Every structure is written in C-alpha cells, then in structure tokens.
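Here are the chains, one letter per residue:
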Amino acid sequence: MKRVVIIGCPGAGKSTFARKLAAKTGLPLHYLDLIWHRADRSTVSCEEFDERLDDILAADRWIIDGNYLRTLQRRLDRCDTVFFFDLPVEECLNGAIERLGKEREDMPWQDTELDEDFRKWIIGFPEFQLPAINLLLNMNTPATVIRFTDRQQTDEFLSKAKLS
C-alpha cells in the first residue's frame, strides 16, 4: 500500500482514519479540502486545484482524503488502495455534528454550527454521489477497494492490518 484514496460521505470518519493510517504507514497525507478551500471560505480555481492534485499524484507515496467526484477517476487510476466509507446517513450527520467547535487539521476553518446546505449535502449523498462513486469503483478499478460500513470496522482494520 503506497498510494491510497479515502472517500465517502462527509462526517463518516474519513479524515480521522486518514490520520491514523498515515501515522501507521508513514505515508504523506493530503486533504483535498485544504487544497480547495481557503481560510476566508473562498475556493481556488479548478485549474489551481488540478495542478496541486497532479503534483501529489506524481509522487510515489501518498494518502489522499476527500471525494471531489470531478477528479475521482484520476485518483483511482493512480492509487493502489481505496478505503470507501459507506456509512448510514444518520451516522455521517452525527459525525459532522460531533466535530462542530473542534479544531481540525483537514479544514482551514472551524465550524460552530452545521450549515443547512452542508446538512442537505450529507442527506443527499446516497442519492447524488453514491451511485457515481459505485460506478467508478466497479469499472475495473485496478486498486484494492476496502469498504467500511461502520466505524468499528476502521478500528479493527487498523489494529489487525500489517501496515508499517
């Protein structure tokens, strides 16, 4: 495992898992949210995002945390392992709520309340994002795909897998 993609609904625990995986493997960790978002809550251009992503993808070793469906195929083409967080919406909403007010290294700001648009994004994830993700994962993705359906599976994986 040298090039890892971590995807799934916001609030599912992707970034927490990514940090633990990076600590166990020594792989450099990259958060797509930190590339896309600026501290003032604006975003970079698609061109700038793509350039920064291409720099990461050109490296031999990495973990990339984040969905960004527009660029998922490029990441899938280059990775050897995918961790897909396929958790129930309620768990993802709870995860997003639990992190409110907490400092996060994966975002350039700290939220103190759950934005209504973001809540709707999480609720709509199974209908609007999940089919496209499943399609991409099922299109002869050369990577090993590990699907988590609850958070306990992530802890079990990290405790049992030989990663270092």
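Quick summary incoming for the structure in this document. Quantities reported herein were computed from a predicted structural model and do not represent experimental measurements. (Residues numbered from 1 in each chain as written. Predicted model: local features only at pLDDT ≥ 70, side-chain atom pairs only at ≥ 80, totals over all residues. Heavy atoms only, no water.)

### Side note on the side chain of Asn-67
For step 1, the next point in the chain: Here Asn-67 is to be found in the loop between strand S3 (62-65) and helix H4 (72-78).
For step 2, the next point in the chain: Residue classification places Asn-67 among the buried residues on the basis of a relative accessible area of 13%. (Helix = DSSP H or I, 4+ residues; strand = E, 2+ residues; numbered from the N terminus. Buried < 20%, exposed > 50% of the residue type's maximum accessible area, 1.4 Å probe, protein only.)

### Considering helix H8 (residues 151-160)
For step 1, the next point in the chain: Within the span of H8, buried status applies to Thr-154, Phe-157 and Leu-158. Seen end-on, H8 carries its buried residues on one side only, within an arc spanning 95°. The exposed residues of H8 that point more than 90 degrees off its buried face are Gln-152, Ser-159 and Lys-160.
For step 2, the next point in the chain: In this structure, the buried residues of H8 make contact with helix H1 (14-25), strand S4 (81-85) and strand S5 (144-148). (Arc of directions from axis to C-beta. Contact = heavy atoms within 4.5 Å.)

### Examining the sheet that holds S5
For step 1, the next point in the chain: Reading across the sheet, the 5 strands line up as S2-S3-S1-S4-S5 and stay open at both edges, with parallel pairing between neighbours. Each edge of the open sheet carries a strand with a single partner, namely strand S2 (29-31) and S5. Across this sheet, the average inter-strand angle for adjacent strands is 15°, counted without regard to direction.
For step 2, the next point in the chain: When S4 meets S5, the two strands line up parallel, connected through 5 bridges. Looking at the pairing, Phe-85 lines up with Phe-148 of S5.
For step 3, the next point in the chain: Strand contacts of helix H3 (residues 46-58): S2 and S3, with the helix running at about 145° to S3, the strand carrying the most contacts. (Pairing = 2+ DSSP bridges. Axes fitted to C-alpha atoms, helices over the stretch in contact; angles between N-to-C directions.)

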